[in-house]
Amino acid sequence: MEYRWRYQDEQGHEVDGPRFAFPDQTAAEDWFSSAWVELRESGVAQVTLLRSESEVYGPMSLSPAE
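Residues numbered from 1 in each chain as written. Predicted model: local features only at pLDDT ≥ 70, side-chain atom pairs only at ≥ 80, totals over all residues. Heavy atoms only, no water.

J.: Could you give an account of the sheet that holds strand β3 (residues 54-61), naming the residues involved and the relevant values?
T.: Pairing in this open sheet of 3 strands is antiparallel, and the strands run β1-β2-β3 from one edge to the other. Two strands bound the open sheet, and with one partner strand each, they are β1 (3-8) and β3. Going across the sheet, the axis of each strand differs from the next one's by a mean of 20°, ignoring polarity. (Pairing = 2+ DSSP bridges. Helix = DSSP H or I, 4+ residues; strand = E, 2+ residues; numbered from the N terminus. Axes fitted to C-alpha atoms, helices over the stretch in contact; angles between N-to-C directions.)

Dropping the structure here:
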């Protein structure tokens, strides 16, 4: 099974983002930890981690904590 990220705007609508497939959850999370700032700056407001088509967790906001 592969892991990938789903990218969404503030309203929860899917938006374009990098379409990488990762072999495991750790690889997906490692990539995300280095890419989230660029994703936020490109208009992504939240992400969900998927395993195949099943949600692992999310949506997770990319906004700074208040």
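J.: How would you explain the packing of aromatic side chains if you had to name every residue and give the values?
T.: For the structure on display, the rule yields 5 aromatic pairs. Feature note: the residues W5, F32 and Y57 constitute an aromatic cluster, connected by ring pairs. (Phe/Tyr/Trp six-rings, centres within 6.5 Å; stacked < 30°, edge-to-face > 60°.)

J.: Report on the environment of G17, specifying residues and quantitative values.
T.: Take G17: it is sitting in the loop between β1 and α1 (25-41). As a C-alpha pair, G17 and G43 span 26 residues in sequence and 9.4 Å in three-dimensional space.

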